[in-house]
Each structure stands twice: as C-alpha cells, then as structure tokens.
Amino acid sequence: MEKKQNYFVPIVVMILLFGMISFVTNLASPMGDILKNQFTIPNWQGTLGVFANFIAYAIMGIPAGNLLQKRGYKVTALIAVAVGFVGVGIQLCSGLVGSFAVYLIGAFIAGFSMCLLNTVVNPMLNRLGGGGNKGNQLIQFGGTFNSLCGTAVIVITGLLIPSIVDAKISDTFPLMYTALAIFALAFVVILLTKIPENEESKQAAADVPLKGIFQFRHFVLGAIAIFIYVGVEVGVPNVLNKWLQNPEMHFFGEGISAEAVAGSVTAFYWLLMLVGRLIGGLVGSKVSARKMIAVVASAAVILVVLAIFIPASTMVSFPGFNGARGFGMNLIPLSAALLVCVGLCTSVMWGGIFNLAVEGLGKYTERASGLFMALVCGGGILPLLMNAVVDIFGPAGYQPSYWIVVAGFAYILFYALVGSRNVNKDISTK
C-alpha cells in the first residue's frame, strides 16, 4: 500500500504530461485550415504544420530512447517541457510576423518535445502499472486526460475563429499563451517531483544495442501498427474538419458558422476518444489489449467503409456550436457522423498497441520505446496523403481519401489477431 502511495504523484504527473501532448498536437490540425486561408495555399501545404510536428518524431525517436535510457525519466521530461516551451513560443512569434516558414519551424521544434514526452509517459505508466493488463489500464486513464485536452483545444479554436476565410495565426494566441503557461508550470512540478527511475536499465544501457529490438517480431509489427494508427487517428478528424467547413460543399444554411459547426463536430471525435479511453481504463484489467484492439479495429473498418459509400447529401441532426446561435442541433452528413464515431474505436488503440509491442522486452524496453516513437511520424504522413487525394479530386475527393484509413485499420486488425503474439520468448531480456 505504501508503495502505491509513493507512486501516486509520479502517476499524476505522467497523466498531466499526456494531456500536454494532445493539447499542442491537436492545435496543429485547425491551424492547418488557418494557414491555408491566410497564405492561400492548397490543402496538402496547409497540412505541413501537422507534418512538421510529426516528422520530428522520425528524427527524435531513437535519440529520445537513448536519452531516456541514459539520463532517466525526470531529466528527459524536463528537457521535453523546455523544448516544448520554445516550440510554442516560435509558433506565437510566427503570428506576430505573419510568416508561414516561422510557424513550420515552431511546429517542428514542438514535435521534438511531443516525441520526448511520449517516450517518457508511455513506458513510465506501463511500468508503474506493473505491465500487462494493469499497465494497459493506466495508459488508458492517461489517454482519457489526453482526449479531454484534445477535445478542448479543437472546440476553443473553432469558437475563436469567426470566419475561416479571414482567419489568421494571431486568432489562436489565447491557446498558445495557455500552452506556454502549462509548459512553465509542468517544468516546476516535474523539477520538484520525485520520479522513480529504472536504475538497472541505465546501468545496462551500453549492453543494449539498438539492433537487439529487431529480434522481436511482435515489436517490429507493432511499430508499423503505431505508424499507421497515429496516421489514421489524426487523418480522420483532420480531413473531416476541412470537409465540413469547405464553402463549396454548401452543407449549412445562412447565418450558421461552418467553422464553428466543423470545429464542434470534430471535437466530438476527440470527446468520444475520451469516453472510449475511460471505458478502456475501467475494463482494461479484465479485457486483454489483444481482444480490445481486435474488436475496435473491426468496428472502425465497418464505420469508415459505410462513411465512404453513403452519399454526402444524406443528412442527420448532430449537436454542436453553430456560431452566433450558440449550442444546438445542426444538420450534417451521415457520413460525417459515422466518422465521428470512429473516435470510440481509435481511443484504446494507442495504449493497447504499445502494451502489446513492448510486452516481454525487458532490458530492451527503453530502446524499443524510442524507435516506437520515431514511427509516430505516421501522424504527419498519412493525413498529408489524404489531403493530396482531396487536392487531386477536389470536393469529390474527401470521402474516397478515407480508403487510406480503411487499409490502416485492416492492418491494425491483423496485428491484434496475429502480429502481436510474442514468438521470440527464447531470447534473453535480462
């Protein structure tokens, strides 16, 4: 009991960091719509902010794992928070000078921070939970707060922007100031918090070559799964938001803010991720990550295929903000509502995939976590491909772009059923 009490503060700190990751990362998607209109660029270039944020994972992933293994959780977390403060600060400066290039630099640096934080919080929560179902359960609870922050930033951004056509980076300054304050507070809290370290791992760092983790088939396939997962998790709401607020689609009548409706509908995707992660946390100790992912991946494939084939003209009522009229029911395409429901499916995938991919790795865990984070860059690549499809086919390309998502969920289903099984138990991990 005493040991659990001692771990309470580190667990809370890790969960708070989980929220910071979502707050800064999710800001990049609506920022893409602002960049598109402020600088008159196509969809795929507007997505470069998201791309810059996630491609940083590809560069920092392995160094982050090395840093975590050699310097420990606390030092890595402090560096991550400091880098995040600088990255968001540069993005804020881009609004002052009106520079697209400066914004991309800030998003890229912020991506380094998100990678470092992810490298810390996931193995830390998994270890504090004792691995297995309990470790997965703790990650799901962390993901719940992550989704709460992600939902909040999307809703607030939609409300801050009166018109997407006239939007500017400076419209989001309140959110950036909030992010800077969170980073500053987190740095102080982490500095004063005692975080348990994996001393054995630090001592054995020199004896764990990077190539050693490639011996484990379930980790390699899991790393691919996380590349795809983050891509589809970000891609679904990213394209959905652009689709709903596209003036050419004429979804909404006069006096209704398409930006506010699109922002609130997209926020429901993240809100459902919060609900799903909370449920996942509650049942995580009883239901294996393998079964959980198999069920939600199957459901996701069905939902997205239906969303592709149902005509955009088929409308349903959906709650959300609609500008000056406040909160109420709005008519949106049924396909959009189905895509929002995908949030329930993606909610538990991150924790489940991570849990399965590092299970049984022992001394290789920190190294594996770094490479795992490198492949989070899928969150920048797959949305870029989806937006490229939209640019090629115009308004008719929004729904077909989701075939990329269908293929991604099909692979995740394969990983849950087959690829996640550890067939290399004969390899020493001590």
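In this report, the structure presented in the accompanying data block is examined. Just so it is clear, the structure is predicted and the values come from calculations on it, not from any experiment.

**What to know about the overall build of the protein chain**
Argument step 1. The helix and strand inventory of the protein chain stands at 16 helices and 2 strands.
Argument step 2. Against the compact-globule benchmark of 22 Å for 430 residues, the protein chain has a radius of gyration of 21 Å, which places it among compact chains.
Argument step 3. Projecting the C-alpha coordinates of the protein chain onto the three principal axes gives extents of approximately 65 × 45 × 40 Å.
Argument step 4. Here the protein chain holds 430 residues, and 60% of them are scored as buried.
Argument step 5. Across the protein chain, every contact between residues at least 6 apart in sequence was considered, and the portion connecting residues at least 24 apart equals 84%.
Argument step 6. About 16,200 Å² of surface is accessible on the protein chain, with carbon and sulfur atoms providing 69% of the total.

**Focus: the packing of helix α2 (residues 8–38) against helix α5 (residues 100–128)**
Argument step 1. Close contact between α2 and α5 brings their axes to 9 Å; oriented N to C, the two are set at 150 degrees. With respect to α5, the element α2 is oriented roughly antiparallel. Relative to α5, α2 is oriented so that their crossing is left-handed.
Argument step 2. Taken together, the residues of the contact of α2 with α5 break down into 22 nonpolar, 3 polar and no charged.

**Things to note about the environment of Val390**
Argument step 1. For Val390, the position within the fold is in helix α15 (residues 378–393).
Argument step 2. With 121 residues separating them in the primary sequence, Val390 and Tyr269 have C-alpha atoms 21 Å apart.
Argument step 3. Apart from residues no more than four positions distant in its own chain, Val390 is found in contact with Asn43, Val239, Gly397, Tyr398 and Ser401.

**Description of unusual backbone geometry**
Argument step 1. We note that Thr40 has phi near 50 degrees; this positive angle belongs to a residue other than glycine.
Argument step 2. Here Thr40 is to be found in the loop between α2 and α3 (43–46).

**Regarding helix α11 (residues 289–309)**
Argument step 1. When the terminal C-alpha atoms of α11 are compared, their 31 Å separation across 21 residues agrees well with the 30 Å that a helix rising 1.5 Å per residue should span.
Argument step 2. Among all positions in α11, only Ala289, Met292, Ile293, Ala294, Val296, Ala297, Ala300, Leu303, Val304, Ala307 and Ile308 are buried.

**Quick look at the packing of aromatic side chains**
Argument step 1. Summed over the entire model, instances satisfying the criterion amount to 12 aromatic pairs.
Argument step 2. Each ring, one from Phe54 and one from Tyr57, has its centre 5.7 Å from the other, and the planes form 20 degrees; the classification is stacked. Remark: Tyr57 and Phe54 occur in helix α4 (residues 48–97); sequence separation between them is 3 residues, near one turn of the helix.
Argument step 3. Residue Phe54 is classed as buried on the basis of its relative accessible area, which comes to 4%.
Argument step 4. The buried category is assigned to Tyr57, whose relative accessible area is 1%.
Argument step 5. Ring centres of Phe268 and Phe318 lie 5.2 Å apart, and the angle between their planes is 80 degrees; on these two criteria the pair is classed as edge-to-face. Taken together, the residues Phe268 in helix α10 (residues 258–283) and Phe318 in strand β1 (residues 315–321) connect sequence positions 50 residues apart.
Argument step 6. The partly exposed category is assigned to Phe268, whose relative accessible area is 21%.
Argument step 7. A connected cluster of aromatic rings, assembled from ring pairs, spans Trp243, Phe251 and Tyr398.

**So, the state of the cysteines**
Argument step 1. Applying the stated rule across the entire model yields 0 disulfides.
Argument step 2. You can see Cys115 has no disulfide; the closest cysteine sulfur is in Cys377, sitting 9.7 Å from it.
Argument step 3. Looking at Cys115, the relative accessible area reads 0%, which means it is buried.

**Comments concerning the nonpolar core**
Argument step 1. Judged by nonpolar contacts, the single largest core of 142 residues is most densely connected at Leu17, Phe219, Ile353 and Tyr402.
Argument step 2. For this core, the element with the most residues is helix α9 (residues 217–245), which contributes 15 residues.
Argument step 3. With near-sequence residues (within four places) excluded, Phe219 lies in contact with Ile213, Ala357, Leu361, Ala368, Leu371 and Phe372.

How each quantity is defined
- Residues numbered from 1 in each chain as written.
- Predicted model: local features only at pLDDT ≥ 70, side-chain atom pairs only at ≥ 80, totals over all residues.
- Heavy atoms only, no water.
- Helix = DSSP H or I, 4+ residues; strand = E, 2+ residues; numbered from the N terminus.
- Rg over C-alpha atoms; globule rule 2.2 N^0.38 Å.
- Buried < 20%, exposed > 50% of the residue type's maximum accessible area, 1.4 Å probe, protein only.
- Contact = heavy atoms within 4.5 Å.
- Areas by Shrake-Rupley, 256 points an atom, 1.4 Å probe, with all protein chains shown as cover.
- Axes fitted to C-alpha atoms, helices over the stretch in contact; angles between N-to-C directions.
- Parallel < 35°, antiparallel > 145°, perpendicular 65-115°, else oblique.
- Left-handed = near helix turned anticlockwise from the far one by under 90°.
- Nonpolar A, V, L, I, M, F, W, Y, C, P; charged D, E, K, R; others polar.
- Expected span 1.5 Å × (residues − 1).
- Phe/Tyr/Trp six-rings, centres within 6.5 Å; stacked < 30°, edge-to-face > 60°.
- Disulfide = S-S within 2.5 Å.
- Core = buried A, V, L, I, M, F, W, Y, C linked by side-chain atoms within 4.5 Å.

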